[in-house]
Structure formats: C-alpha cells, structure tokens
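Single-letter residue listing:
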Amino acid sequence: MTTAATETSAPGAIPAPAGGATEAEDLAAPLYVAWQITNECNLACLHCIEESGPGKAFADELDTAQVYSVIDQLLEHEVPYLSFSGGEPMLHPQFFAMVERACARGAQLKIETNGHYLSADNCAQMKELGVKAVQVSLDGAAAASFQKMRVRGSFDTTVQGLRNLRTAGVPVEINFSPARFNAREIGATVDLAYELGAYSFYTGRTMYTGNAVKAWRHLQLPDEEYETFFAVLREKAEQYRGRMRVYFHEAGLLDELRYRLQHPAALLIVLPNGLVKLINALPFICGDFRRQSLPEIWANFRRAWQDPRVAEFVDALAADPGKTRTLHEWVYL
Amino acid sequence: MRLAKYVKFREEKFGAVLFETRSEKVFTLNPTGTAIVREIEAGADETAIAARLKARFDDRDAAIEREVESFIADLRQRGLVEG
C-alpha cells in the first residue's frame with residue numbers, strides 16, 4: 001500500500017488558475033469556474049479587459065432561470081471552486097440570490113468586486129451566506145493613482161468597503177493592476193492591504209487588451225520598471241511570509257500561454273451570456289451554457305485545446321504581441 | 001478530525017483531488033489516499049481508518065498503520081485536515 005498527496009498546481013495568478021499539472025484531461029469536471037456574471041459596471045477602468053462600464057451589460061445576458069441552471073450544474077458536478085466577477089458582479093439584479101444558491105449547496109465562492117457596494121449590510125449578508133472570500137481591486141495606495149485607473153471610482157469608498165468586510169469577518173484578498181502611474185506605490189499598497197486585513201495579495205502584468213488598448217500610453221510599464229516592481233514584491237513577500245500571501249505572476253503572457261498549451265488548467269471562464277472561453281487571454285469560445293450541459297462543454301473544452309488554431313494564435317502572438325487587441329473577436333471552436 | 005474549512009474533496013477515476021481554496025493549491029490523491037480521505041470525511045479517527053484499511057488491503061508487511069499515520073501527518077502539515 002502506498003499513499004500520496006501530491007501538490008500539482010501553481011498558486012493562482014489573475015484570475016487564479018486552478019489545475020496546473022492536474023491535467024484537465026484527467027478530470028471529470030473543471031476544478032474552478034470563473035464566471036463573469038454581468039458586463040455592467042459602475043466604473044470605466046482604463047485597463048478593463050472586459051471593456052465593462054456603465055450601460056455595458058450584454059443584451060443577451062443569462063436570465064434568472066438560466067443562471068440558476070448553471071449554478072445547479074456546477075454543484076451537481078462538484079466543481080469545488082467558483083468565482084463571480086464582472087463587470088461589477090454586485091450590480092447583477094440576482095446577485096445575492098445567486099450567492100445564496102451557490103453557498104447553500106456548499107460551493108467555495110469568491111466574489112471579485114471593485115469594492116464600491118461593500119456596505120456594512122452587504123458584507124454582513126455575504127458573511128451569513130458563507131462567501132469564502134471577497135477579492136477587491138486596489139490599484140494604488142492613494143486616491144490620485146487609484147482614481148486615475150478606476151475612472152468614476154472612489155478610493156475612500158473602496159477602503160471603507162474593505163474595512164466593512166473585515167468587520168463582518170469576510171476573508172479579504174486584494175488585486176493590483178500595475179500601470180505607469182501606480183507601479184511605484186506597490187510596496188505601500190501591499191502594506192495597506194495588510195493593514196486592511198487581507199490574507200492574500202495578487203498582481204501581475206497588465207494586459208494590452210480591452211480598454212487598455214486605447215489607454216496604453218498611460219498604462220504601459222517599461223520592462224526595467226517591471227523589474228523594480230517585482231523586486232519590491234519579492235521583498236514584500238518575504239516581509240509578510242506567514243501573515244499575508246503576496247503572490248505575483250512575473251511570466252509574460254506568451255510564456256503563460258505556451259505552458260497552458262501543454263498543461264491546460266481545469267478552469268472554465270463563463271461570460272455573462274453563458275458562452276465559455278478557453279482561457280481569458282485567447283479569443284476562443286468552447287461552449288455555451290444556453291445550449292449545452294456542463295459535461296458537453298467540459299468535453300469540448302478539452303478537445304478545443306488540441307485545435308491547431310489555438311497553437312497558431314499563440315504563435316501569431318509571438319510575432320505580434322499587439323494581437324491581444326483582438327481578443328474580443330471571438331472564434332468558436 | 002475533519003477536512004479543513006476551505007478544503008474540497010472530489011473523487012476522480014485516478015483517485016481524487018483535494019482543493020485548498022485559500023491558497024488555491026490542488027493535491028492529487030492515489031486510490032489509497034482517497035480511501036483515507038473518504039474515511040476522514042465520514043468522521044473516522046486515525047485508529048478506525050487504519051483498521052478499516054487493514055480489512056480491505058493486504059497488510060503482510062504491517063505497514064498500513066504506519067502509512068496512515070504518516071499520510072495524515074502530511075495532510076495536517078499541509079493544513080488540509082484539522083481537529
């Protein structure tokens with residue numbers, strides 16, 4: 001008899017991938033479903049991958065019966081980890097009903113929010129329903145940098161929301177997107193995250209896609225500044241070891257995609273209209289919850305990674321890194 | 001003894017996965033490890049788990065008890081079980 005518990009995945013990036021060397025091929029269902037439940041958002045962030053914003057909800061977002069059906073399927077197939085993001089997920093008209101339905105059946109649910117709707121009452125409700133964690137975007141240690149990135153946003157409201165989460169006892173994660181104007185605040189933002197009670201801090205490289213294409217001259221961080229940025233993070237990771245996990249993803253997009261071609265993460269990304277993306281940084285659609293069941297989508301997801309068009313797109317990205325601007329021109333596999 | 005609060009267990013053809021959702025780490029289990037975690041989920045203690053596995057597996061070299069103890073210690077050390 002031999003026993004084994006083998007750790008097989010790298011810690012999360014943004015969004016945190018689950019799976020790693022636990023090959024999707026080996027699994028009966030995904031390990032993680034990252035669900036963008038609406039594209040509507042109160043903010044219009046410079047770097048938003050999804051091009052979310054006020055009035056930007058998709059016309060064909062899933063209706064109540066459809067979202068319940070998706071939740072039920074995910075739980076029936078024992079998907080262990082689920083996140084709701086957006087847009088701003090708390091603007092979804094059924095947000096708390098969805099949270100309740102997922103948590104009542106034992107889902108480990110994370111909410112990824114801009115932090116503007118984290119009133120004391122809402123935080124208490126999330127605690128009561130059993131939300132596993134709330135990840136809040138905090139792109140700076142001060143109002144000026146934060147609000148430059150988070151157009152229409154309020155630093156003070158976000159920080160108060162974080163304090164409300166802590167008071168309610170909801171575990172907090174912080175997400176930081178670097179840009180030319182906020183990268184030097186990374187150390188101070190990590191410190192602030194700890195002060196606000198976060199148990200994890202995530203960051204990586206900001207991607208040239210979505211709203212970032214238009215705002216790139218404000219966002220683009222030269223390689224030498226990324227070196228400094230990651231050096232600070234290495235120091236902070238050491239400083240907070242055992243108290244707050246500081247996770248940063250240094251690899252560039254191309255390295256990540258080449259790795260994923262060989263080792264697809266067991267992660268589905270669900271769009272507000274039920275379409276399922278192969279991975280956030282590629283334009284490929286591999287399923288549709290309006291027409292297909294989770295097992296059908298999962299089977300197609302695993303096949304789709306072998307489709308030659310996927311590897312061809314990654315090769316094309318190597319030749320033209322700016323091709324990420326076309327990620328919203330969906331290709332159905 | 002029970003699985004830690006943020007740990008999810010799912011059986012697979014090859015055995016099972018344990019997903020620690022705070023650190024977002026996934027652990028794969030072989031069939032024997034799966035049998036042990038299944039017993040933990042059912043509320044069995046270490047002694048009972050070893051006894052049940054002895055009844056199911058060949059234990060000619062009397063290793064089961066030691067291996068169960070070592071495996072559970074490993075799970076504890078990784079924060080996957082508590083209590």
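As the structure is a computational prediction, the values presented were derived from the model and not from experiment.

Draft legend 1. View of the overall build of chain B. Per the secondary structure count, chain B includes three helices and five strands. For chain B, the succession of helices and strands along the chain, N to C, is β-β-β-β-α-α-α-β. In terms of overall size, chain B behaves like a compact globule, its C-alpha atoms giving a radius of gyration of 12 Å where 83 residues would be expected to give roughly 12 Å. In chain B, buried positions account for 37% of the 83 residues. Looking at chain B alone, contacts between residues at least 24 apart form 36% of all its contacts between residues at least 6 apart.

Draft legend 2. Seen up close, helix 8 (residues 223-239) of chain A. Residues and elements named next belong to chain A. Between its first and last C-alpha atoms helix 8 spans 24 Å; for 17 residues at 1.5 Å apiece the expected length is 24 Å, and the two agree. Within the sequence span of helix 8, burial applies to Phe229, Leu233 and Lys236. An end-on view of helix 8 places all buried positions within 60° of arc, on one side of the element. Among the exposed residues of helix 8, those oriented more than 90 degrees off its buried face are Asp223, Glu224, Glu227, Ala231, Arg234 and Glu238. Here the buried face of helix 8 lies against helix 6 (186-195), strand 7 (200-203) and strand 8 (245-248).

Draft legend 3. Structural view of the environment of Gln125(A). Its place among the elements puts Gln125(A) in helix 3 (residues 120-129). Measuring from C-alpha to C-alpha, the distance between Gln125(A) and Ala231(A) comes to 39 Å, with 106 residues separating the pair along the chain.

Draft legend 4. Structural view of the pairing of strand 5 (residues 133-137) of chain A. Residue and element names in this part refer to chain A. Of all the five residues making up strand 5, five are buried; the element is thus mostly covered by neighbouring parts of the structure. Along strand 5, one buried face is formed by Ala133, Gln135 and Ser137 and the opposite face, lined by Val134 and Val136, is buried too. Pairing of strand 4 (residues 108-113) with strand 5, which is carried by four bridges, proceeds in the parallel orientation. Within strand 5, the residue paired with glutamate 112 across the bridge is glutamine 135. Handedness of the crossover joining strand 4 and strand 5 through helix 3 is recorded here as right-handed. Judged from the four bridges that link them, strand 5 and strand 6 (residues 172-176) form a sheet pairing that is parallel. The residue bridging serine 137 from the neighbouring strand is asparagine 175, located in strand 6.

Draft legend 5. Seen up close, the packing of helix 3 of chain A against helix 5 (residues 155-168) of chain A. Residues and elements named next belong to chain A. Here helix 3 crosses helix 5 at 40°, and the two axes come no closer than 9 Å. Compared by their axis directions, helix 3 and helix 5 come out oblique. Both helix 3 and helix 5 take part in a crossing whose hand is right-handed. Mapping the contact onto sequence places Ala120, Cys123, Ala124 and Lys127 in helix 3 and Asn164, Leu165, Thr167 and Ala168 in helix 5. Of the residues assigned to the contact of helix 3 with helix 5, the class counts are five nonpolar, two polar and one charged.

Draft legend 6. Fine view of the packing of helix 2 (residues 46-56) of chain B against helix 3 (residues 64-77) of chain B. All names here are of chain B. Contact geometry of helix 2 with helix 3 gives a least axis separation of 9 Å together with a crossing angle of 135°. Classified by the angle their axes make, helix 2 and helix 3 are oblique. Once helix 2 is placed against helix 3, the crossing between them reads as right-handed. For the pair helix 2 and helix 3, the contacting residues are Glu46, Ile49, Ala50, Leu53 and Lys54 in the first and Ile64, Glu65, Val68, Glu69 and Ile72 in the second. Class assignment of the residues belonging to the contact of helix 2 with helix 3 gives a composition of six nonpolar, no polar and four charged.

Draft legend 7. Representation of helix 10 (residues 294-304) of chain A within the structure. Residue and element names in this part refer to chain A. Turning to helix 10, its buried residues number three or more, namely Leu294, Ile297, Trp298, Phe301 and Ala304. Projected onto a plane normal to the axis of helix 10, the buried residues spread over an arc of 125° and lie on a single side. In helix 10, those exposed residues whose orientation departs by more than 90 degrees from the buried face are Pro295 and Arg303. Residues of helix 10 that are buried sit in contact with helix 1 (64-76), strand 9 (267-270), strand 10 (275-277), strand 11 (284-288) and helix 11 (308-319).

Draft legend 8. Representation of the sheet that holds strand 2 (residues 32-36) of chain A within the structure. Residues and elements named next belong to chain A. An order of 8-7-6-5-4-3-2-9-10-11-12 is seen for the eleven strands of this open sheet, with the pairing classed as mixed. Where the open sheet ends on each side, the last strands, each with one partner, are strand 8 and strand 12 (331-332). Against the sheet, helix 8 makes contact with strand 7 and strand 8, and its axis sits at roughly 155° relative to strand 8, the strand it touches most.

Draft legend 9. Fine view of the environment of Thr21(B). Its place among the elements puts Thr21(B) in the loop between strand 3 (15-20) and strand 4 (25-29). Separated by 16 residues in the primary sequence, Thr21(B) and Lys5(B) place their C-alpha atoms 9.3 Å from one another. Beyond its immediate stretch of four places on either side in the chain, Thr21(B) contacts Pro80(A), Tyr81(A), Gln108(A), Lys132(A), Tyr6(B) and Lys8(B).

Draft legend 10. Representation of the nonpolar core within the structure. Judged by nonpolar contacts, the single largest core of 113 residues is most densely connected at Val33(A), Leu82(A), Val134(A), Val172(A), Phe201(A), Leu278(A) and Leu18(B). Filtering out sequence-adjacent residues up to four positions away, Leu278(A) remains in contact with Phe284(A), Cys286(A), Phe301(A), Ala304(A), Trp305(A) and Val310(A).

Draft legend 11. Broad picture of the confidence of the model for chain A. Summarising the model, chain A shows a mean pLDDT of 91, and 93% of its residues fall at 70 or more. Confidence drops under pLDDT 50 across residues 8-21 of chain A; counting only partners more than four residues distant or on other chains, this segment forms 53 contacts.

Draft legend 12. Representation of the pairing of strand 2 of chain A within the structure. All names here are of chain A. The element strand 2 is extensively covered by neighbouring structure, given that five of its five residues are classed as buried. Both faces of strand 2 are covered, namely the face carrying Tyr32, Ala34 and Gln36 and the face carrying Val33 and Trp35. Where strand 2 meets strand 3 (residues 81-85), five bridges bridge the pair, whose relative direction is parallel. Residue pairing in the sheet places tryptophan 35 in a bridge with phenylalanine 84 of strand 3. Since strand 2 and strand 3 lie parallel, the crossover through helix 1 that links them has a hand, and here it is right-handed. Judged from the four bridges that link them, strand 2 and strand 9 form a sheet pairing that is parallel. Its bridge partner being in strand 9, valine 33 is matched across the sheet by leucine 268.

Cut-offs and rules
Residues numbered from 1 in each chain as written. Chains lettered and ligands numbered in written order. Predicted model: local features only at pLDDT ≥ 70, side-chain atom pairs only at ≥ 80, totals over all residues. Helix = DSSP H or I, 4+ residues; strand = E, 2+ residues; numbered from the N terminus. Rg over C-alpha atoms; globule rule 2.2 N^0.38 Å. Buried ≥ 20, exposed ≤ 12 C-beta atoms within 10 Å, placed from the backbone. Contact = placed C-beta atoms within 7 Å. Expected span 1.5 Å × (residues − 1). Arc of directions from axis to C-beta. Pairing = 2+ DSSP bridges. Right-handed = clockwise from strand over helix to strand, strands pointing away. Axes fitted to C-alpha atoms, helices over the stretch in contact; angles between N-to-C directions. Parallel < 35°, antiparallel > 145°, perpendicular 65-115°, else oblique. Left-handed = near helix turned anticlockwise from the far one by under 90°. Nonpolar A, V, L, I, M, F, W, Y, C, P; charged D, E, K, R; others polar. Core = buried A, V, L, I, M, F, W, Y, C linked by C-beta atoms within 7 Å. pLDDT = per-residue confidence, 0-100.

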